[in-house]
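# Observations on the model geometry
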Amino acid sequence: MVPKGYLHSTGSYHFPDTRCRRFLVQVFGKNTLGRSESPLQSTATGTRAPFHAFFKKVSMRHDTLTFAPEAVHQRAPRALPTLRATLALGCAALALAGCGGGSGSAEPGQPPVTSTLPAPENFENSGALSFAWSATPGATRYELFADLDGPGPQTEVQMGAAQGLSFYSTTQRQFGNLSLARIPDFINATFRLRACNSDGCGAFTAAKALDLPSRISYEFSSGRAPLKSSSGNFDPISQDGLTLVLRGSNGSTSTLLVFTRTAAGQPWQQQAEIPTSAYRIALSADGNTLAASEESKVQIYQRSSGTWSQPTTIASTQTPAACPQPCQIVPDRLALSANGNLLAVTGRFGAAASDSNAVFTYVRTGTTWAAQSHFAPGDSIVGTALALSGDGSTLALNSGAITRSENFTPPHVHIYAQKGVDGWTEQARLPVGIVNFLDIAASRYSAMTLSHDGNTLAVEAQYLPGRLPSEFTIVAADLTCGSKSPWITEPLANGAYSTTPGWHIALFGRDGTTWRRQAVMARDTVAWALAPDGNGLFYGSELFNRRNGAWTCP
């Protein structure tokens, strides 16, 4: 018997015929990688065979079904040549009542409850594909299930060795981690956990969504802002939270995966896969421009009507005319304005024995990029902290940094304002404890950001008593909302900076052309974000607000 049904746009085949409890799905053909896949098959229980859990639909024309094979936990493929296939459907085990099975269903096909153990308490997604919960009395093990498309038609899959599932515990909490799983494969997933013992497994927790945007950004009333940290990078997301860029791979080729959604809470759809070995990326706040640093060049991608263009390349020698030669791009840091029409990137100029670091800006007109200006404050470390205002009117960069060297140049933040045809002028040189050092165990580098209008600057920095001039002094009384740790007062040994107190966010405001420090928030080295309008700071899981020019504590 061949049941009648229809192919859903997700790639699943839906069966309205409820007499069948079991369906066999087969695809005959050969995939684009040349491996024989004849036949590929899957058996599924339920009213909807989860066909798309085994194959990714590429296109369908008339009566011919066209697919690209893709296992659930394989890497997402790039756009591949299509595979023409024949779909055969068989029905077995007739005379069984009902075909149950959707996501989260308690009908047949779902993992049975065979123990009286309660659902684990305080189950949470503690970061990316890591989980935490309170220990369940009487439990000897736990089982984690993932529903890859959340409320969609796919059935739950138990996580295990293929996803690198591992468990560990402390005296208070239990933890699980999927070390071999890729975030892009789980971007729409929900997870459930249950406790087990020799009698079987108990009740499930409520489903928890991955909710990646909340892991990499914070939503203020003025828009979403990417989180920043001195100890790592976060994936970029647009200000409206509807465009997201993740790192991926296709075989041995590194890629950038662009995902979009129609509204908050709606599922993510992959919009593009960009082959690139970029080690730095920047996404404009409107989500329509992506800049990627690749070796000694910058590749820029632009989206129009949902389609991403072929890259425009800014070559290493395409530098501003006023830059002393030899002059070249060294794209260790990137920044884009909100509309993507202004790019700032680090570079270098001068003879090899005495070269200097600099920052270059580029302007886009239509689809054409042109070099604009170069900034060289005169230090061996320039632009390791870099920020552009959303409106493109203000640029902030550092000269000097706290390093592992015993003799480092005291760091400053230089702020430049753009005034039409007059170009850029330096408005301020602010003493801030910018950090930039690499360590195999604990690298640290200061991050900073500007508000959309450029009138507010937030800088992650460290105070080092006895190692910096007096103008850098921050005493406990200067801390706007106190400190979670005892504030540092004693000089530090050289190179001991990454594990000691003194980390803080310094907030500066501009009045006309004058800059002054408005607040110092001390919450150690944790993720933080500045609101697009400059009136909010999320730091240490707390929200600080500015009202009438004054910052208030939570």
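See the structure printed just above.
Description of the structure in this document. (Residues numbered from 1 in each chain as written. Predicted model: local features only at pLDDT ≥ 70, side-chain atom pairs only at ≥ 80, totals over all residues. Heavy atoms only, no water.)

### Focus: unusual backbone geometry
Filter applied, for reference: Note on conventions: DSSP H or I runs of at least 4 residues are helices, E runs of at least 2 residues are strands, and numbering of each starts at the N terminus.
Residue P326 is reached from Q325 by a cis peptide bond, and omega for that bond is -5 degrees. At N122, a position not held by glycine, the phi torsion is positive, near 60 degrees. Of note, the phi angle at N548 is positive, near 55 degrees, even though the residue is not glycine. Looking at where N548 falls in the secondary structure, it is placed in the loop between β44 (542-547) and β45 (550-552).

### Things to note about the nonpolar core
Rule in force here: By nonpolar core is meant a set of buried Ala, Val, Leu, Ile, Met, Phe, Trp, Tyr and Cys residues that side-chain atoms within 4.5 Å join together. Exposure is judged per residue with a 1.4 Å probe applied to protein chains only, and the accessible area is read against the type maximum: over 50% gives exposed, under 20% gives buried, and values in between give partly exposed.
Residues V413 and L457 are the most contacted members of the largest nonpolar core, which totals 19 residues. Mapped by element, the contributors of at least two residues to this core are β32 (382-388), β34 (412-418), β35 (424-431), β38 (448-450), β39 (456-462) and β40 (503-511). For this core, the leading source of residues is β39, giving three residues. Counting 18 residues, the second-largest nonpolar core is a separate cluster that includes L144, M159, L178 and F191.

### What about the packing of aromatic side chains?
Threshold: In summary, the pairing rule links any two rings of Phe, Tyr or Trp, Trp by its six-membered ring, whose centres are within 6.5 Å, and it sorts them by plane angle into stacked for under 30 degrees, edge-to-face for over 60 and tilted for everything else. Two conditions define a charge located above a ring, namely a distance within 6 Å from the ring centre to NZ of Lys or CZ of Arg, and an angle within 35 degrees of the ring normal.
What the rule picks out here adds up to 13 aromatic pairs. Measuring from centroid to centroid gives 4.9 Å for Y168 and F175, while their planes differ by 15 degrees, and the two rings are stacked. Classification of F175 by relative accessible area gives buried; the value is 19%. Among the aromatic residues, ring-to-ring pairing joins F123, F131, W133, Y142, F167, F186 and F191 into one connected group. A cation over a ring is seen here: R280 above Y445, with NZ or CZ 5.9 Å from the ring centre. A cation over a ring is seen here: R333 above Y445, with NZ or CZ 5.2 Å from the ring centre.

### So, the sheet that holds β35
Filter applied, for reference: Strands qualify as paired when DSSP identifies two bridges or more between them. In this analysis an axis means a line fitted to C-alpha atoms, helices contributing only their contacting stretch, and an angle means the value between N-to-C directions, from 0 to 180 degrees.
Strand order in the open sheet made by the four strands is β32-β33-β34-β35, with antiparallel pairing throughout. The two strands at the open ends of the sheet, each matched to only one other strand, are β32 and β35. The sheet shows a mean angle of 20 degrees between the axes of neighbouring strands, taken without regard to direction. Judged from the four bridges that link them, β32 and strand β33 (residues 394-399) form a sheet pairing that is antiparallel. Bridging from a neighbouring strand, V382 pairs with S399 of β33.

### Points about the state of the cysteines
Test applied: In this description, the term disulfide denotes a pair of cysteine sulfurs within 2.5 Å.
For the structure on display, the rule yields three disulfides. In this model, C196 is linked to C201 through a disulfide, with the two sulfur atoms separated by 2.0 Å. Between C196 and C201, the S-S torsion sits near 100 degrees, and that sign places the bridge as right-handed. Residue classification places C196 among the buried positions, given a relative accessible area of 0%. What makes C201 buried here is its relative accessible area of 5%.

### What to know about the side chain of T255
Note the following rule: Under this definition, polar contacts are N or O atom pairs within 3.5 Å; protein pairs additionally need one hydrogen-donor-capable and one acceptor-capable atom, and for neighbouring residues in sequence, both atoms have to be side-chain atoms. Note on contacts: a residue pair is in contact if any heavy atoms of the two residues lie within 4.5 Å.
Tracing the backbone through its elements, the reader meets T255 in strand β21 (residues 253-260). The exposure class assigned to T255 is buried, which follows from its relative accessible area of 4%. Only 3.3 Å separates the side chain of T255 from the backbone nitrogen of S249, close enough to count as a polar contact. Within the structure, the side chain of T255 is placed 3.4 Å from the side chain of E273, a separation counted as a polar contact. Those residues in contact with T255, other than ones at most four positions away along the chain, are L246, R247, G248, S249, N250, E273, I274, P275 and T276.

### Here's the deal with the layout of surface pockets
Empty space among the atoms becomes visible once a probe the size of a water molecule is rolled across them. The condition is simple: Residues are called lining when one of their atoms sits within 4 Å of a cavity or pocket point, these points coming from a 1 Å grid over the protein atoms alone, where a cavity is a set in which a 1.4 Å probe fits but cannot get out and a pocket is an open set with protein on both sides within 12 Å along at least five of seven lines. Grid points are joined across faces, edges and corners, and a volume is the space filled by probe spheres set on the points. Residues are sorted three ways: Asp, Glu, Lys and Arg are charged, Ala, Val, Leu, Ile, Met, Phe, Trp, Tyr, Cys and Pro are nonpolar, and all the rest, Gly among them, are polar.
By volume, the second largest pocket amounts to about 1,100 Å³. What lines the second largest pocket is a set of 45 residues, among which P226, K228, A282, L334 and T449 lie closest to the centre. Among the elements that take part in the lining of the second largest pocket, β32 stands out by supplying five residues, more than any other. A breakdown of the residues in the lining of the second largest pocket according to their chemical character gives 26 nonpolar, 13 polar and six charged.

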